[in-house]
Amino acid sequence: MFICLECFHVFDEPKIWTETHGLDSPPYETYAACPQCGGSFTEAYECECCGEWIDGEYVKIGNERYCINCYTHYE
C-alpha cells in the first residue's frame with residue numbers, strides 16, 4: 001500500500017502520469033504519482049493495533065507492524 005504525502009489518500013498502485021510540457025510529439029515525461037491528486041507518495045503499512053496508516057517509523061514484530069504510539073503503550 002502507498003499513501004500520498006499531499007492529500008493522504010491510501011492506494012494500491014500509483015498512477016502513471018504523462019507530462020507533455022506543451023510539446024506535440026515525444027519525448028514526454030512520465031512519472032508515477034498519487035492517482036487522486038498527482039502528488040508524491042511513500043510506502044505505508046497499517047498498524048496492527050490502532051489501524052492507522054504508518055508512513056514513517058514503525059516497530060515490526062514477526063510479520064506485524066505497529067506505530068510507535070501503540071508499541072510504547074503496549075510495552
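Preceding block: the structure.
If you're wondering where the values come from, they're calculated on a predicted model, not measured in any experiment.

Asks: Help me understand the sheet that holds strand 2 (residues 10-11) in this model?
Replies: Strands in a sheet are paired, the pairing made by backbone hydrogen bonds, and the direction either parallel or antiparallel. Across the sheet, which stays open at both edges, the three strands sit in the order 2-1-5 with antiparallel pairing between neighbours. Since the sheet does not close on itself, it has two edges, and those belong to strand 2 and strand 5 (41-43), each with one partner. With three bridges connecting them, strand 1 (residues 2-4) and strand 5 associate as antiparallel partners. Directly across from Ile3, in strand 5, lies its bridge partner Thr42.

Asks: Help me understand a negative patch on the surface in this model?
Replies: On the surface, a cluster of negative charge is made up of Glu46, Glu48, Glu52 and Glu64. Taking relative accessible area as the criterion, Glu46 reaches 41% and is therefore assigned partly exposed.

Asks: Is there a simple way to think about the side chain of Arg65 in this case?
Replies: Secondary-structure assignment places Arg65 in strand 9 (residues 64-67). Buried Arg65, no salt bridge; nearest opposite-charge side chain is Glu48, N-O distance 6.6 Å. Once residues within four sequence positions are removed from consideration, Arg65 is found in contact with Tyr45, Glu46, Cys47, Glu48, Ile54, Tyr58, Val59 and Lys60.

Asks: Help me out: how do you make sense of the pairing of strand 8 (residues 58-61) in this one?
Replies: Regular strands place their side chains on alternate faces of the sheet. As defined by bridge partners, strand 8 adjoins strand 9 across four bridges and the pair is classed as antiparallel. By the bridge assignment for strand 9, Ile61 is matched with Glu64. Between strand 8 and strand 9, which follow one another and run antiparallel, lie two residues, and Gly62 among them has a positive phi close to 65°.

Quick notes on the rules
Each chain carries its own residue numbering, running from 1 in the written order of its sequence. Owing to the predicted nature of the model, reporting of local features is limited to residues with pLDDT of at least 70; listing and counting of side-chain atom pairs is limited to 80 or more, with chain, interface and lining totals taken over all residues. For side-chain calculations, the full set of non-hydrogen atoms in the structure is used, while hydrogens and water are omitted. One requirement defines pairing of two strands: DSSP has to find at least two bridges between them. Only DSSP runs of H or I with at least four residues qualify as helices, and only runs of E with at least two residues qualify as strands; both kinds are numbered from the N terminus onward. A residue counts toward a patch only above 30% relative accessible area and without a salt bridge, and it is joined to like-charged neighbours within 9 Å or, for Val, Leu, Ile, Met, Phe, Trp and Tyr, to nonpolar neighbours within 5 Å. Every accessible area reported is derived by Shrake-Rupley at a probe size of 1.4 Å, with residue values counting cover from the shown protein chains alone. Throughout this description, the term salt bridge denotes a Lys or Arg side-chain nitrogen within 4 Å of a carboxyl oxygen of Asp or Glu. His residues and chain termini do not enter the charge count, which takes Lys and Arg as positive and Asp and Glu as negative. To locate a charge, take NZ of a lysine, CZ of an arginine, CG of an aspartate or CD of a glutamate. Summary of the burial criterion: residues with accessible area below 20% of their type's maximum are buried, those above 50% are exposed, and those between are partly exposed, where the area comes from a 1.4 Å probe applied to protein chains only. Here, residues are in contact when the closest pair of their heavy atoms is within 4.5 Å.

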